[in-house]
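Report on the structure
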Amino acid sequence: MLDIRHEGAVATVTLDRPEVRNAFNDELIARLAQAFAALGLRPDVRCIVLAAHGPAFCAGADLNWMRRMADYTREENLADAGQLAAMLRTIFECPKPTIARIQGDVFAGGTGLVAACDIAVAVDTATFCLSEVKLGLIPATISPYVIRAMGARAAHRYFLSAERFSAAEAHRIGFIHEVVAAGELQAKVDELAQALAGAGPEAVQACKRLVQDVAGEPITPELVARTVAGIADVRASREGREGVQAFLNKRKPDWLLPG
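An account of the accompanying structure is given in this report. (Residues numbered from 1 in each chain as written. Predicted model: local features only at pLDDT ≥ 70, side-chain atom pairs only at ≥ 80, totals over all residues. Heavy atoms only, no water.)

Remarks on the packing of helix H5 (residues 143–150) against helix H6 (residues 152–161)
Relative orientation of the contacting elements H5 and H6 amounts to 120°, with a least axis distance of 7 Å. One way to sum up the angle between H5 and H6 is to call them oblique. Regarding H5 and H6, the two cross each other, and that crossing is right-handed. Side by side, H5 and H6 meet where Ser143, Val146, Ile147 and Met150 of the first sit next to Ala152, Ala154, Ala155 and Phe159 of the second. Classifying every residue of the contact of H5 with H6 gives seven nonpolar, one polar and no charged. (Axes fitted to C-alpha atoms, helices over the stretch in contact; angles between N-to-C directions. Helix = DSSP H or I, 4+ residues; strand = E, 2+ residues; numbered from the N terminus. Parallel < 35°, antiparallel > 145°, perpendicular 65-115°, else oblique. Left-handed = near helix turned anticlockwise from the far one by under 90°. Contact = heavy atoms within 4.5 Å. Nonpolar A, V, L, I, M, F, W, Y, C, P; charged D, E, K, R; others polar.)

Next up, the structure:
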């Protein structure tokens, strides 16, 4: 159901339900939340890749799970949707930088997984679809992440129309960052993962929070004051001082040294 492996400072969490196109159910949702929460606390992990086995990255909700949900009361639906929302937020707020490695199609709730990651790389043959309205549903739980990723204007089109769109279109609207041939996918993900793993770990974590805190906010005196305090604090931190000294003395910072 979920395969977790480590190579150096990079952890890879792989959806492993290819027989159902990596659709998620309540068990997979719980395991994803647990995996990202645990990896986010590990000092030896500098980057987390979210990948998948099989021809599809994620087809959204599992059909058997959907059959059970059809008979849920409103209270049961609230609890069920709350678990999905909590899992997405765990990925989005994970202290480690995250990369979605998209080797196949992404439908419905699967787009929420992609959008919750910091960086997304897809093969050029992948297609995307927010298909909920075709079932009389709405992509409510994933919407905070998907709208942040693709923007409100694109969301108006693809939420309402449930059209399939290509990897090239996903790139054009900003939903994914890179489109590559299938044979180049792993190399591009490795390149990005190594860049993330090579940066100051505390700085990367602070940068992730910075983007989340500043994006969409009006530029007020209060926001300016927070950003001024942020750089002052980082400059005075142990990692900040070490990074600057390493640069000035033309040596590697200590976070890149073995042990």
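After presenting the structure, the write-up continues.
Structural notes on the pairing of strand E3 (residues 47–52)
The side chains of a regular strand alternate, first on one face of the sheet and then on the other. Among the six residues that make up E3, six are buried, leaving the element largely enclosed by the rest of the structure. Of the two faces of E3, the one carrying Cys47, Val49 and Ala51 and the one carrying Ile48, Leu50 and Ala52 are both buried. Sheet topology places strand E2 (residues 10–15) next to E3; six bridges connect them, and they run parallel. Each residue of the ladder has a partner; that of Val13, found in E3, is Leu50. With helix H1 (residues 26–40) bridging E2 and the parallel E3, this β-α-β connection has right-handed handedness. Pairing of E3 with strand E5 (residues 98–102) involves three bridges; the strand directions are parallel. Bridge assignment links Ile48 to a residue of E5, and that residue is Thr98. (Buried < 20%, exposed > 50% of the residue type's maximum accessible area, 1.4 Å probe, protein only. Pairing = 2+ DSSP bridges. Right-handed = clockwise from strand over helix to strand, strands pointing away.)

Things to note about the nonpolar core
Grouped together as the largest cluster of nonpolar side chains are 66 residues, with contacts concentrated most on Leu32, Ile99, Ile102, Leu113, Phe128, Phe175 and Ile176. Each residue touching Leu113, except ones within four places of it in the same chain, is listed here: Leu15, Phe24, Leu32, Leu50, Phe57, Cys58, Met87, Leu88 and Ile91. (Core = buried A, V, L, I, M, F, W, Y, C linked by side-chain atoms within 4.5 Å.)

Comments concerning the sheet that holds strand E8 (residues 127–129)
Read from one edge to the other, the open sheet built from four strands follows the order E4-E6-E8-E9, with strand pairing classed as mixed. Unpaired on one side and paired on the other, strand E4 (56–58) and strand E9 (164–166) mark the two borders of the sheet. The average angle at which neighbouring strand axes cross in this sheet is 20°, direction not considered. Pairing geometry for E8 and E9, over three bridges, is antiparallel. Paired with Thr127 across the two strands is Ser166, which belongs to E9. Relative to strand E6 (residues 105–107), helix H4 (residues 109–116) is tilted by about 105°, and along the sheet it contacts E4, E6 and E8.

Brief notes about the packing of H1 against helix H3 (residues 74–92)
To characterise two packed helices, one gives the angle between the axes of the helices and the distance between these axes. Taken N-terminus to C-terminus, the directions of H1 and H3 make an angle of 25°; their axes are 9 Å apart at the nearest point. Classed by the angle they form, the pair H1 and H3 counts as roughly parallel. The two elements H1 and H3 cross, and the hand of that crossing is left-handed. On H3, the residues that touch Asp26, Ile29, Leu32, Ala33, Phe36 and Ala37 of H1 are Gln83, Leu84, Met87, Thr90 and Ile91.

Some thoughts on the sheet that holds E3
Taking strand neighbours across the sheet as the criterion, the six strands line up as E1-E2-E3-E5-E7-E10 in an open arrangement whose pairing is mixed. Only two strands of the sheet have a single partner each, and these edge strands are strand E1 (2–7) and strand E10 (178–180). Taking each pair of neighbouring strands and ignoring which way they run, the sheet shows an average axis angle of 20°. Taken strand by strand, H1 contacts E1, E2, E3 and E5, and its axis lies near 20° from that of E1.

Let's talk about the side chain of Glu239
With respect to the element layout, Glu239 can be found in helix H11 (residues 238–248). For Glu239, the side chain forms a polar contact with the main-chain nitrogen of Glu202, separated by 3.1 Å. (Polar contact = N/O pair within 3.5 Å; in protein donor to acceptor, adjacent residues only side chain to side chain.)

With respect to the packing of aromatic side chains
Under the counting rule described, the total for this entry stands at four aromatic pairs. Taken together, the aromatic side chains of Phe128, Tyr158, Phe165 and Phe175 make up a single cluster linked through ring pairs. (Phe/Tyr/Trp six-rings, centres within 6.5 Å; stacked < 30°, edge-to-face > 60°.)

Some details on the environment of Gln205
Examined against the element boundaries, Gln205 turns out to sit in helix H9 (residues 201–214). A relative accessible area of 31% means that Gln205 is categorised as partly exposed. Taking the C-alpha atoms as reference, Gln205 lies 9.6 Å from Arg46; in sequence the two are 159 residues apart.

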